[in-house]
Amino acid sequence: MKPQLKNQYQELGALDKANKISETFCIYPFTLLFVGSGGTPIPCCISEHHHYPIEGDGKDRDGHYIIPTESLKGYWNSKALERTRKNMLEGKKDPGCSRCWVDEKNGQASKRISDIDKIPGANFGTFNTIEEFKEHVIKRPKILWIDLQMANLCNMACRMCNPWNSSEIEREALLYKDELSKDDAFRKRWVDPLEEVERVKDYWRSPEFNQELKDLIPTLEVLTVSGGEPTVNKYFNNIIDFCIENDYAKNLVLKFNTNAQQINRKYMDKLKPFKFVEMKVSMDGTGTVFDYIRHLGKWETCSKNRLMFEEYRSEIFDVNSDPTYQILNILNLPELLQWHLDNNLKVTNLNPVHVPEFYNITCLPKEIRKVAYDKLYEWTLRKDNEIESGLKRSIKNVLLHLQAEDLNYQRKWFPKFIKHTATLDKMRGQSFKEMVPELYDLLKQYGY
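Model, not experiment: these values are computed from the prediction.

How each quantity is defined
Residues numbered from 1 in each chain as written. Predicted model: local features only at pLDDT ≥ 70, side-chain atom pairs only at ≥ 80, totals over all residues. Heavy atoms only, no water. Phe/Tyr/Trp six-rings, centres within 6.5 Å; stacked < 30°, edge-to-face > 60°. Buried < 20%, exposed > 50% of the residue type's maximum accessible area, 1.4 Å probe, protein only. Helix = DSSP H or I, 4+ residues; strand = E, 2+ residues; numbered from the N terminus. Axes fitted to C-alpha atoms, helices over the stretch in contact; angles between N-to-C directions. Parallel < 35°, antiparallel > 145°, perpendicular 65-115°, else oblique. Contact = heavy atoms within 4.5 Å. Nonpolar A, V, L, I, M, F, W, Y, C, P; charged D, E, K, R; others polar. Polar contact = N/O pair within 3.5 Å; in protein donor to acceptor, adjacent residues only side chain to side chain.

Draft legend 1. Highlighting the packing of aromatic side chains. A full pass over the atoms with the stated rule returns 22 aromatic pairs. Ring centres 5.4 Å apart and planes at 50° place the aromatic pair F358 and Y359 in the tilted group. On the accessibility criterion, F358 (2% relative accessible area) is buried. Relative accessible area serves as the criterion here: at 0%, Y359 is assigned to the buried category. Taking the centre distance of 5.9 Å and the plane angle of 85° together, the rings of F414 and Y448 count as edge-to-face. You can see F414 sitting in helix 21 (residues 407–428) and its partner Y448 sitting in the segment after helix 23 (437–445), a full 34 residues away along the chain.

Draft legend 2. Quick look at the packing of helix 18 (residues 333–342) against helix 19 (residues 366–382). Orientation of helix 18 relative to helix 19, taken along the N-to-C sense of each, is 25°, at an axis distance of 9 Å. Put simply, helix 18 runs roughly parallel to helix 19. In this structure, helix 18 uses L333, P334, E335, L337, Q338 and L341 to contact helix 19, whose residues at the interface are K375, L376 and W379. Considered class by class, the residues forming the contact of helix 18 with helix 19 number six nonpolar, one polar and two charged.

Draft legend 3. Geometry of helix 9 (residues 167–175). Those residues of helix 9 that fall on the buried side of the exposure criterion are S167, I169, E170, E172 and A173. Where helix 9 is buried, its residues touch strand 4 (157–158), helix 10 (177–180), helix 11 (184–191), helix 12 (194–200), strand 8 (294–295) and helix 21. Here helix 9 starts with a cap whose side-chain oxygen sits 3.3 Å from the backbone nitrogen of E168, and that cap is S166.

Structure follows, in structure tokens:
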């Protein structure tokens, strides 16, 4: 492998900005509220704070401490979030932010670093001095951005997903419940959550939640919606209608993810009143790799809709893609990035799949990671003049990730990937060998 690349968060200069507050500072607990598909609010989309409740915020039916979920404002003023903010201001690594600490340990640009200036009204450039920033942002935390993961209603069943985020996987888990319960990985991710998913997945139907969201929207700068699949969820349409009918859309940035299977021109036209729209298309492979990973989706449909996206792209309507990278698509990544270049669809970031652990590329044997590294590195060299700086940084993060070796992690999780893949193939009538042949052949070549 090539020599290790320089730490990307140092290259960004973002670390210096964050260190003006503390070495563990993150903007999100002071400005953003993420609501997961079960209705539990946490600081951001990769946060694990729901695993770290604190005394004083209430208890569940079994007497265990919980993160308050009865209201968004209740969470915003909770002891748990107060503890997180305090830890960040004191330079302590909050346990709920472990994914960022892992990325930074590996020399990668973590979410807290790369997003340090992402909140429009609360970034370092908005204020003349660091003291002014502290006065307006840190001392007066305010919800400027809500990120809604709206239930699990979805028209696809991606291999790395779970019942919390896909109604199709929920359906599969119920259908094959007895068989899946025999496999530890499936039982923990697919079967065990079923009862809780059924209980809380419709949190957004609550009149109290609806009213609280409507009360917050006039003061928001950004609203992000993911799923499931937002375009098949009627509640997402209701939110859009509310913003337009009450003239809030003109002051609001709307961001949403879509798998681009059902979106149409009528839907795109409806979004025009918003101040700015960012639509992220979920694309994690080309051809059969896409079809294999994103079960029930069709690469042909996604690829064809690219022509429609081009019609709507403007200064106030951005269409881009943030592919995830994982075991199944790491060898296909250059082809995916080339497709984006050829079709003028910007890639803003490449996001690692951390969970489930058996899709994390750290699982891959060294020989396979070397092939993936060399393939991506060489493609990057050839396309250097065509790739924007942001994507270059992201690619370097992927290369760093491919260099990181953890034999204990590999021994634990790679066998689970093989078993998980075989089980899903049997359930879905798919073939790893036929649909992801490059990876399959390499695994066979090296005796795996």
